[in-house]
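These are the residues of each chain, in order.
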2 protein chains.
Amino acid sequence: LNELVFIGLGLNDEKGITVKGLEETKSADQVFMEQYTNLMADFSLARFEALCGKKVQVVSRRTLEEENGKVILEAAKVGKTVFLVPGDPFIATTHVTLRIDAEKQGIKTRIVHGTSIMSTIVSLSGLHNYKFGKTVTVPFPENFSETPYNVIAQNKKAGLHTLCLLDLNANENLFLSINQAIKMLREVEEKKKLGAVTPDTVAVGIARAGGSNPTLKADFIKDLANFDFGQPPYSLIFPGELHFMEVDSLIAFAGTPVTFRRLPK
Amino acid sequence: LNELVFIGLGLNDEKGITVKGLEETKSADQVFMEQYTNLMADFSLARFEALCGKKVQVVSRRTLEEENGKVILEAAKVGKTVFLVPGDPFIATTHVTLRIDAEKQGIKTRIVHGTSIMSTIVSLSGLHNYKFGKTVTVPFPENFSETPYNVIAQNKKAGLHTLCLLDLNANENLFLSINQAIKMLREVEEKKKLGAVTPDTVAVGIARAGGSNPTLKADFIKDLANFDFGQPPYSLIFPGELHFMEVDSLIAFAGTPVTFRRLPK
């Protein structure tokens, strides 16, 4: 049977894949993988190949975006082809085009979902999922944008939390730090003065979500900027209105001082 | 070592768990599981017990919410204890209290995340993750609320998509249907007349997200209400402004007529 199966690798290491995803990989004729849309900090290709018993061909951004994944589509025309993607295959929309192209060429596609960084960060924080507004990525300084600040301000106005992914380039081992992200947001605050990101704004910094030893720290921006989060990747949450159970959760798991209970909503 | 490990079972069946989650379960002294926060349509307890080689104790909502998970905490005081939860352990916040209680009693806790219904629905739809606003659950008619309509209207105003989870009671095999959800939203529209859910509003109905044979259908509300989605669980997306790539994706995977390309944003 020829088909293209998109499989999420989940987070952190080669055991982040689901049992189903691993089974599907074991029965594939050809296996491809990309490693650039997300960092899997403890992933070893050799260990993964031992686990699935297949040779895995790592494809570059160039292969996917400039050559439209031709090598993958050609393989999927003649046999069961698996394409492994960090996290969930379509939470970053990069690969939707490949899936549409496959269907246009008459190749059947299936998805085996994986654990996504998005839901993992929400889950780790203990904050209520239905209270998150729009998500945003804070870019590297060379791609400076006011959008992240605007999203935080808008969500806050509606009482909603904002999940900020911090930009990364996994191939070149570049990661925007929490300190850098706060600095950029503070610059926009100084200009727009909406009060969304002041030194006394509370935020939650998260490092290595999905890894075996994640770091969470909820504190005032001014203190968070100097906190040592250890190894990447990083993300930030700007809470909107906090329910007392959410505060309890931050106190229990994000090193928040108990005095936070007295903070206004 | 005594500890409490929360492990996400992921979606659909016993192979939705990660390889890491399965390994952790295999090495546990006691294994508990709840089955009421989400439906895992093809999950077999017997097959899962064969897979992990452990006896799994299913705990009720009563045990968790009225007795505060006492039986689980007692086990975690004397040995490695695993608590299995459908999807991701903390995307529904039901179990955050148990984790806080454990830490208060000096029990170390860890999390092995799982595939969540939230990210899976976004991923399946091909819509852009960062364009989703606040999420909402549409309740059963006996818990009628105007909130879901208001959330859709607010998100739409900001150009954002709304993910609507449809209420379910997995224990009693009750699932709010897409037809019922639309009917409730239309009732509020008739009263508030904000134009957020008219017969000509486009929505995406999704059944069995995360299963091996999900159904997606994007269409006008008036046509969606009569579409046969098959077995539960169900969800709905009300798109805000659509990027042309998102329209392409709906045409390719959600049976959307090509004429949708001509729809205004």
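Here the structure is a predicted model, which is why all the values come from computation and not from measurement.

### Structural notes on the confidence of the model for chain A
As a general rule, the predicted coordinates of low-pLDDT regions are not to be interpreted in detail. Here chain A shows a mean pLDDT of 93. Residues at 70 or above account for 97%. Model confidence for the complex: the whole-complex pTM is 0.94, and ipTM, which rates the interface, is 0.94.

### With respect to the pairing of strand E1 (residues 3-8) of chain B
All names here are of chain B. Most of E1 is tucked away: 6 of the 6 residues are buried. Burial along E1 is two-sided: the residues Glu-3, Val-5 and Ile-7 and Leu-4, Phe-6 and Gly-8 are all buried. By the bridge criterion, 6 bridges tie E1 to strand E4 (residues 80-85) in an arrangement that is parallel. Residue pairing in the sheet places Leu-4 in a bridge with Thr-81 of E4. In this sheet, strand E5 (residues 109-112) lies alongside E1 in parallel orientation, the contact comprising 4 bridges. Residue pairing for E5: Phe-6 is matched across the bridge by Ile-111.

### Concerning the interface of chain B and chain A
Counting from both sides, the interface comprises 45 residues of chain B and, opposite them, 45 residues of chain A. If you sort the residues of chain B by the area they bury against chain A, Lys15(B), Val19(B) and Phe253(B) come out on top, with a joint share of 16%. At the surface where chain B touches chain A, the tally comes to 2 salt bridges. Here Lys15(B) makes a salt bridge to Glu23(A), at a shortest N to O gap of 3.1 Å. The interface formed by chain B and chain A holds 12 residue pairs in polar contact (both at pLDDT 80 or more) in total. Elements that contribute at least two residues to the side of chain B that touches chain A include exactly helix H1 (19-26), helix H5 (96-104), E5, helix H6 (117-125) and helix H10 (244-253) of chain B. Tallying contributions element by element places H6(B) first for the side of chain B that touches chain A, with 6 residues.

### Examining the packing of helix H7 (residues 147-157) of chain A against helix H8 (residues 178-192) of chain A
All names here are of chain A. Contact geometry of H7 with H8 gives a least axis separation of 9 Å together with a crossing angle of 70 degrees. Comparing their axes, H8 and H7 come out roughly perpendicular. Residue-level inspection shows Pro-148, Tyr-149, Asn-150 and Ile-152 of H7 in contact with H8, the latter providing Leu-185, Val-188, Glu-189 and Lys-192.

### Re the relation of the copies chain B and chain A
When chain B is fitted onto chain A, the two copies agree to an RMSD of 0.0 Å after a turn of 180 degrees and an axial shift of 0.0 Å. One copy is carried onto the other by what is essentially a two-fold rotation axis. With an isologous cut-off of 70% or more, the 100% of interface residues of chain B that recur at the interface of chain A puts this contact in the isologous class.

### Details of the side chain of Ser123(B)
Residue placement: Ser123(B) occurs in helix H6. A polar contact of 2.5 Å, which involves the side chain of Ser123(B), links it to the side chain of Asp88(A). Apart from the residues lying within four places of it in its own chain, the contact partners of Ser123(B) are Asp88(A), Phe90(A), Ile91(A) and His113(A).

### Some remarks on the sheet that holds strand E12 (residues 234-238) of chain A
Residue and element names in this part refer to chain A. Taken together, 5 strands build an open sheet; the order of strands is E6-E7-E12-E10-E11 and the sheet is mixed. Single-partner strands in this sheet number two, and they are strand E6 (136-138) and strand E11 (215-220). On average, each strand axis in the sheet is tilted by 25 degrees relative to the strand beside it, whichever way the strands run. Pairing of strand E10 (residues 202-207) with E11, which is carried by 6 bridges, proceeds in the antiparallel orientation. Following the sheet pairing, Ala-207 is matched in E11 by Thr-215. Packing of H7 onto the sheet brings it into contact with E6, strand E7 (162-166) and E12, and relative to E6 it is tilted by some 140 degrees. On top of the sheet, H8 reaches E6, E7, E10 and E12; it is set at about 45 degrees to E12, its chief contact.

### Focus: empty space enclosed by the protein
Taken as a whole, this structure holds 1 cavity of 30 Å³ or more when the rule is applied. Approximately 280 Å³ is the volume found for the largest cavity. Contributing to the lining of the largest cavity are 18 residues, with Met118(A), Asn129(A), Thr135(A), Met118(B) and Asn129(B) lying nearest its centre. Every element with two or more residues in the lining of the largest cavity is listed here: helix H6 (117-125) of chain A together with H6 of chain B.

### Some remarks on the packing of aromatic side chains
When we look at a pair of aromatic rings, we describe it by the centre distance and by the angle of the planes. Residues and elements named next belong to chain A. This model, assessed by the stated rule, comprises 8 aromatic pairs over all chains. Judged by centre distance (5.7 Å) and plane angle (35 degrees), the rings of Phe-43 and Phe-48 are tilted. For Phe-43, a relative accessible area of 15% translates into the label buried. Take Phe-48: its relative accessible area is 0%, and that puts it in the buried class. Ring geometry for Phe-227 versus Phe-229: centroids 4.8 Å apart, planes at 70 degrees, classification edge-to-face. A residue is classified by how much of its surface remains accessible, and Phe-229, at 5% relative accessible area, is buried. Joined through ring pairs, the aromatic side chains of Phe-6, Phe-83 and Phe-90 make up one cluster.

Reading the values: rules and limits
Residues numbered from 1 in each chain as written. Chains lettered and ligands numbered in written order. Predicted model: local features only at pLDDT ≥ 70, side-chain atom pairs only at ≥ 80, totals over all residues. Heavy atoms only, no water. pLDDT = per-residue confidence, 0-100. Buried < 20%, exposed > 50% of the residue type's maximum accessible area, 1.4 Å probe, protein only. Helix = DSSP H or I, 4+ residues; strand = E, 2+ residues; numbered from the N terminus. Pairing = 2+ DSSP bridges. Contact = heavy atoms within 4.5 Å. Buried area = accessible area lost by both parts, 1.4 Å probe. Salt bridge = Lys/Arg side-chain N within 4 Å of Asp/Glu carboxyl O. Polar contact = N/O pair within 3.5 Å; in protein donor to acceptor, adjacent residues only side chain to side chain. Axes fitted to C-alpha atoms, helices over the stretch in contact; angles between N-to-C directions. Parallel < 35°, antiparallel > 145°, perpendicular 65-115°, else oblique. Least-squares fit on C-alpha atoms with pLDDT ≥ 70 in both. 1 Å grid on protein atoms, 1.4 Å probe; cavity = no way out; pocket = protein on both sides within 12 Å on 5 of 7 lines; lining within 4 Å. Points joined across faces, edges and corners; volume = space filled by probe spheres on them. Phe/Tyr/Trp six-rings, centres within 6.5 Å; stacked < 30°, edge-to-face > 60°.

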